[in-house]
Amino acid sequence: MVDAAVRSSTPSVEPNTAQRTPQIDVSQLTDKLLGTWGDTRRQAREMIKDSAFWRQDELGKDEHRERVLSQLHLLVDNKAVHRAFPKSLGGEDDNGANIAGFEELVVADPSLQIKSGVQWGLFGSAILQLGTKEHHEQWLPGVMDLSIPGAFAMTEIGHGSDVAAVGTTATYDAETQEFVINTPFRGATKEYLGNAALHGVAATVFAQLITNGVNHGVHCFYVPLRGEDGVDLPGIGREDDGLKGGLNGIDNGRLSFDHVRIPRTNLLNRYGDVAADGTYSSAIDSPGRRFFTMLGTLVQGRVSLDGAASWASALGLQIAITYATQRRQFDGVDGHEVVLLDYGKHQRRLLPRLATTYAQIFAHDEFLQKFDGVFSGRIDTPADREDLETLAAALKPLSTWHALDTLQEAREACGGAGFMFENRLVGLRADLDIYVTFEGDNNVLLQLVGKRLLTDYAKQFTGKDAAALAKFAVGMTAGKVFHGAGLRQLGQAFADLGQVSRSVENGLREEQQHALLAGRVQQMVSDIAGRLRPGAKDKALGSRLFNENQAELIEAARAHGELLQWEAFTDAVHTITDADTKQVLTWLRDLFGLQLIEKHLAWHLINGRLSTQRAAAVSRYIDRLCARLRPHALDLVEAFGYEPEHVRAPIASGIEQQRQDEARAYYADLAASGSAPIQEKVLKAKKR
């Protein structure tokens, strides 16, 4: 937190100085940002104020791993990991609160967050979601109290995101009523598994279920790794991944299986079962739908990564913006050095990223509500699950990419101080690097979203007769012709409005921003669908056309995710009751929307969605918005609700303000004493 003395010492660049500057209600804004499970987030934040949960930067890999394991035991002691488990086993059956509390661990140590996610969010969740009551009672108590540390063995070296093609096999032996788990070749080795190198004593293993000579696709099995003596069981191969680019508090490793036998009942059989004689049965007849249903139950990993990445971005921006309001560099017009955030470029570096972070946090809360509704059973239909999976695949890529971009820009904006490990930014950037790959490569996820968009687009034409289709085609043509005129309904003949930037301000507000963002998604999907149509009945041609349009399809999916974030931000603005706070948040939402339009100006121009004059003015109006938001920057980051124990970055502690005040006082005293040396350029000017 920054005190009033520091705040008053940071001049602002407010273009409308004659108008009263709005005052943000920081407390109300914090409540809004913490969202539906704000109480849980506050509880988690209070817990991690204890330094026992903090990352110790000086630790080596081995010491860091053991510290994180000890922290998991502290989470158990604090009953911080049981929220999603059944009440019958001591849990709370509260899925939304579970994710909200889990996400907060990222500011303590991302290694702690991810290792706890492996234990309870992946290993434990696989047993909970894919197993039945007998499995729950047998293993979940040990999972919950950490007496059974476990690994989630899905990913393989040879098939990262392509889970359906994993090479590990689980072949049923009817004579012994056992499954034989086997790694038939090196590429089928389970890889990058948390808890696999050291601490895991069991694993949930995804393998091709084969019985009576038939492969029924990927299923999940509970496989013990170690005996009670602590020694790996026969046939278990375990390797240590060693040092990684980040998250070195987690013991990632590889697992392989040499004809390891497990009881038939170790199949987690909620969606598919094998009888004693080897007969396979499932309530879901389609192998493809069965596979996606099983994977869909594990979507919470993507949900939590979206939230954790968004809050990590918030922490990085709080550090960088606080520092930027105190650090001074280069002489200003009054003879004093200028605060970094008063430079237009510095505002441009940080404030649009702050706007995006707000959008992501608001979108995440809506996403988390949807997740909780599905997993609680309140809105658990196939359509709801499909929507949830699409949301996860749309939002997780955007937030994790944004986190890397934001943390890097924040590091650079803090100069050499940002490169010091003690100031958190480089450590966070390294640890969050893998988030863009966790739970599915981001581009692969967006491709799933793109395919869903194409499917929904095609549904519009199901059952339509030729006349209706012809009418639609005419409408599309008319739309393109109209947009070619430059969205005349927005008044882009701006001469009557005077200044171009004022025209943008009046003509690209909420309704028009939404029209541009939504229209871009709609036209991109429509254009791609049109190009793919010739391949509908020719598989080879269809594959070639899809590959040719893959990059644009992923871009359309990304635009769809951005639209969802903009809509969530706008919904949040509408719920704010304090007028001044609502005004500032509206500016911030406008900054988010307009920087999205600016990023894709070429598309809007090529497709006739903006006139060249209006497009040229967008960037200038963004600059105006940044200047307008400058006086509110500290309030906007303080509204994240982090306390000094969460931030833990010396450059965001007020120490830079003390250094600057000391320097200014020194020069003031020196000047007052009359003993200050004369500057050479001043002496030469006097001689002329």
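The structure displayed is predicted, hence computed values, not measured ones.

## Quick word on unusual backbone geometry
Here is step 1 of the chain: Residue Leu 247 is not a glycine yet carries a positive backbone phi of 55°.
Here is step 2 of the chain: Within the secondary structure, Leu 247 sits in the loop between strand 7 (236–240) and strand 8 (253–257).
Here is step 3 of the chain: One non-glycine residue, Arg 424, lies in the positive phi region at around 80°.
Here is step 4 of the chain: Position of Arg 424 relative to the elements: it lies in the loop between helix 12 (415–419) and helix 13 (425–432).

## Comments concerning the state of the cysteines
By definition, a disulfide links two cysteine residues through a covalent bond between their sulfur atoms.
Here is step 1 of the chain: Per the counting criterion, the structure on display carries zero disulfides.
Here is step 2 of the chain: Its sulfur unpaired, Cys 626 is 17 Å from the next cysteine sulfur, which belongs to Cys 414.
Here is step 3 of the chain: In this structure Cys 626 comes out as buried when scored by relative accessible area, which is 1%.

## A look at the domain arrangement of the protein chain
Here is step 1 of the chain: When cut into domains, the protein chain gives domain 1 (35–145), domain 2 (152–272) and domain 3 (304–440 + 563–639).
Here is step 2 of the chain: Taking the mean C-alpha position of each, domain 2 and domain 3 sit 39 Å from one another.
Here is step 3 of the chain: At the interface, four residues of domain 2 touch six residues of domain 3.
Here is step 4 of the chain: Taken over both partners, the interface formed by domain 2 and domain 3 buries close to 360 Å², and the fraction arising from carbon and sulfur atoms is 57%.
Here is step 5 of the chain: For the interface between domain 2 and domain 3, the tally reads zero salt bridges.

## Here we look at the environment of Phe 640
Here is step 1 of the chain: Relative to the helices and strands, Phe 640 is located in the loop between helix 22 (633–638) and helix 23 (644–647).
Here is step 2 of the chain: The buried category is assigned to Phe 640, whose relative accessible area is 0%.
Here is step 3 of the chain: In this structure, the C-alpha to C-alpha distance between Phe 640 and Ala 314, residues 326 residues apart in sequence, is 7.0 Å.
Here is step 4 of the chain: Apart from the residues lying within four places of it in its own chain, the contact partners of Phe 640 are Leu 33, Leu 34, Arg 45, Trp 311, Ala 314, Gln 318, Leu 354, Thr 357, Tyr 358 and Ile 361.

Reading the values: the criteria
- Residues numbered from 1 in each chain as written.
- Predicted model: local features only at pLDDT ≥ 70, side-chain atom pairs only at ≥ 80, totals over all residues.
- Heavy atoms only, no water.
- Helix = DSSP H or I, 4+ residues; strand = E, 2+ residues; numbered from the N terminus.
- Disulfide = S-S within 2.5 Å.
- Buried < 20%, exposed > 50% of the residue type's maximum accessible area, 1.4 Å probe, protein only.
- Domains from an automatic or database assignment.
- Contact = heavy atoms within 4.5 Å.
- Buried area = accessible area lost by both parts, 1.4 Å probe.
- Salt bridge = Lys/Arg side-chain N within 4 Å of Asp/Glu carboxyl O.

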